[in-house]
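Observations on chain architecture
One-letter residues, chain by chain:
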Amino acid sequence: MKIGDTVSVVDENLGGVVTSVKGNIVVFKDEYGFTHQYPKEKLVPKDRDLYENIRVVRKAEPKKIISKKHQKNHLVLDLHFHNLVKNPSDYDSFERLFIQKEKLIEVLEFCRRNNLKRLEIVHGIGDGILQRMVRDVLESQVNIDFYNKEILHHQSGAVMVEFH
């Protein structure tokens, strides 16, 4: 440090222009004309050129690891019959309902075995037989909550199930 240099005091909001240097003691004058004495180790040079050529390196943010158990995506079961079998016209209405019920129970057990938290059951809007069957099966289950997915409950074609 030499006379005329601009300095700042470490850990204080104080700085000014050096007026004299006597060994380890530096005297400087602040912007209001007051003089201050500090040892050299308490001062740092205030030079704008020091900071202009410094390259800033941006590091990538670390990715948060989310376990499969807590993923936000939930399983969707579509109970429309044409999605369950190859030839839907080969079955009568009782067989269709029985196959849909078996598939529903199978998927509920799968969710419990794999600790899934949510399941969406799509039953569609029809005459209400499949919807009633889904509701009956869900009411017979323990440790679950279920609710219609849509705001207008009477027009909902899906039910959301949450496992405890």
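The preceding data block contains the structure.
Presented here is an overview of the structure given in this document.

Definitions and limits used
Residues numbered from 1 in each chain as written. Predicted model: local features only at pLDDT ≥ 70, side-chain atom pairs only at ≥ 80, totals over all residues. Heavy atoms only, no water. Pairing = 2+ DSSP bridges. Helix = DSSP H or I, 4+ residues; strand = E, 2+ residues; numbered from the N terminus. Axes fitted to C-alpha atoms, helices over the stretch in contact; angles between N-to-C directions. Contact = heavy atoms within 4.5 Å. Core = buried A, V, L, I, M, F, W, Y, C linked by side-chain atoms within 4.5 Å. Buried < 20%, exposed > 50% of the residue type's maximum accessible area, 1.4 Å probe, protein only.

The subject of this paragraph is the sheet that holds strand β8 (residues 144-148). The 4 strands are arranged β6-β7-β9-β8 in an open sheet whose pairing can be described as mixed. Single-partner strands in this sheet number two, and they are β6 (75-78) and β8. Strand-to-strand twist across the sheet, computed as the mean angle between neighbouring axes with direction ignored, equals 20°. With 5 bridges connecting them, β8 and strand β9 (residues 158-163) associate as antiparallel partners. Residue Asn148 lies in a different strand from β9, and its bridge partner there is Val159. Lying on the sheet, helix α2 (residues 93-113) is in contact with β6, β7 (118-122), β8 and β9; it crosses β6 at an angle near 170°. Sheet strands touched by helix α3 (residues 129-139): β7, β8 and β9. Its angle to β8, the strand with the most contacts, is close to 155°.

Now for the nonpolar core. Most often, soluble globular proteins keep nonpolar side chains buried together rather than apart. Of all hydrophobic cores here, the largest spans 17 residues; its most connected members are Leu104, Leu119, Ile121, Val134, Leu138 and Val161. Looking at this core, the elements with two or more residues in it are α2, β7, α3 and β9. Not counting residues up to four positions away in its chain, the partners in contact with Ile121 are Leu77, Leu79, Leu104, Val134, Leu138, Gly157, Ala158, Val159 and Val161. Counting residues in each nonpolar core, the second largest holds 8 residues, with Leu14, Val26, Phe28 and Tyr38 among its members.

Moving on, we come to the sheet that holds strand β5 (residues 43-45). Spatially, 5 strands are ordered β4-β3-β2-β1-β5 in an open sheet, and the strand pairing comes out antiparallel. Edge strands, defined here as strands with exactly one partner in the open sheet, are β4 (35-39) and β5. Taken over all neighbouring pairs, the strand axes of this sheet differ in orientation by 45° on average, direction set aside. As defined by bridge partners, strand β2 (residues 15-22) adjoins strand β3 (residues 25-29) across 5 bridges and the pair is classed as antiparallel. Its bridge partner being in β3, Val18 is matched across the sheet by Phe28.

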